[in-house]
Amino acid sequence: MVPCLLAAIALSARAAPVEAPAPPADLAALVLPASALGLGDMRWNAGAASLGGATLDALGRGDFGAVYAHPAEPSQVVKISADGFGVTRHRSLQDMERDALAEAARTRQLARIGAGPELVAVTRVSHRLQPLLDRMAAFFRVPAPDWSRPALVKERVIGRTVADLRRTGDWTPRHEELARELRARLRAAGLRSLDMHDENVMIGRTARRPYDEAHLVDAGGVRSALSAPAPTP
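Residues numbered from 1 in each chain as written. Predicted model: local features only at pLDDT ≥ 70, side-chain atom pairs only at ≥ 80, totals over all residues. Heavy atoms only, no water.

Q: Got a sec to walk through the overall build of the chain? Specific residues and values, please.
A: Of the regular secondary structure elements, the chain holds six helices and 13 strands. Taking all 233 residues of the chain together, the buried fraction comes to 37%. Sequence-distant contacts, at least 24 apart, represent 65% of the contacts inside the chain between residues at least 6 apart. Put simply, the chain shows about 12700 Å² of open surface, and 57% of that area lies on carbon and sulfur atoms. (Helix = DSSP H or I, 4+ residues; strand = E, 2+ residues; numbered from the N terminus. Buried < 20%, exposed > 50% of the residue type's maximum accessible area, 1.4 Å probe, protein only. Contact = heavy atoms within 4.5 Å. Areas by Shrake-Rupley, 256 points an atom, 1.4 Å probe, with all protein chains shown as cover.)

Written out as structure tokens, the structure is:
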């Protein structure tokens, strides 16, 4: 373990620094340190998150990241970026930063039209070994490698996914109506989602909107409808 850590520190010292993309002006005020969001003790490691050494259960997981309950704020969730699309491609920290900022902007766009939960903040979650890396780097007087991951803090939707409602036989005409309203709001705003499937749509409420609605909870696949392919005749 120690030789690997020393190698990581040495490589970091020799490598040119990779600058994270600057957030758009409308997101800059929402980029906050984890400690300011009650996430200072949250860590990631090997595709999972932990708090105080205990592994946290993911509320949802995909190729782009995993979503966890906020450890200090029950009305919020934390989505930590993943470093690969399934097992086919590795993403660098710069890739994850770029994609997280793009998803943050789309999350705000969905929230403005009442189609998704509000974005609370953009932050970074440290690796479990980061404190050790920092101490070793300070001892050897070299820059410490940054193993943190970008993360989005969003409102938590208290409810159930469309997939779960259908699976248990609890799907009702009212749920169908709410799902239609969601699709109508997206069309009216000139948006579409590449991931508009039943696991990504929740029927429920949030702290700011305390009544049942359909929410698209993953904004990563949201695009302008103008970029949609022409329909097949």
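Q: Give a description of the packing of aromatic side chains that names residues and reports values.
A: Counting across every chain of the model gives one aromatic pair. When the ring of Phe 139 is compared with that of Phe 140, the centres are 5.1 Å apart and the planes differ by 85°; the resulting orientation is edge-to-face. The class of Phe 139 is exposed, set by a relative accessible area of 65%. Owing to a relative accessible area of 45%, Phe 140 belongs among the partly exposed residues under this scheme. It is Arg 149 that lies over the ring of Trp 44; its NZ or CZ is 3.5 Å from the centre. In this structure, Arg 166 is placed above the aromatic ring of Trp 171, and the distance from its NZ or CZ to the ring centre is 4.3 Å. (Phe/Tyr/Trp six-rings, centres within 6.5 Å; stacked < 30°, edge-to-face > 60°. Lys NZ or Arg CZ within 6 Å of the ring centre and 35° of its normal.)

Q: Give a description of the environment of Asp 99 that names residues and reports values.
A: Tracing the sequence through the fold places Asp 99 in helix α3 (residues 93–112). Separated by 121 residues in the primary sequence, Asp 99 and Gly 220 place their C-alpha atoms 8.0 Å from one another.

Q: Tell me what's going on with the environment of Arg 205, and back it up with residues and numbers.
A: By the secondary structure assignment, Arg 205 is in strand β11 (residues 201–205). Residue class for Arg 205 comes out partly exposed when judged on its relative accessible area of 37%. Here the alpha-carbon distance between Arg 205 and Arg 160, two residues 45 residues apart in the chain, equals 9.9 Å.

Q: Describe the sheet that holds strand β4 (residues 58–61), listing the residues and the values that go with them.
A: Taken in spatial order, the eight strands of this open sheet run β3-β2-β1-β7-β8-β6-β5-β4, and their pairing is mixed. The open sheet is flanked by β3 (54–55) and β4, the only strands paired with a single partner. With respect to the sheet, α3 is in contact with β6 (76–81), β7 (119–127) and β8 (149–155), its orientation differing from that of β8 by roughly 15°. (Pairing = 2+ DSSP bridges. Axes fitted to C-alpha atoms, helices over the stretch in contact; angles between N-to-C directions.)

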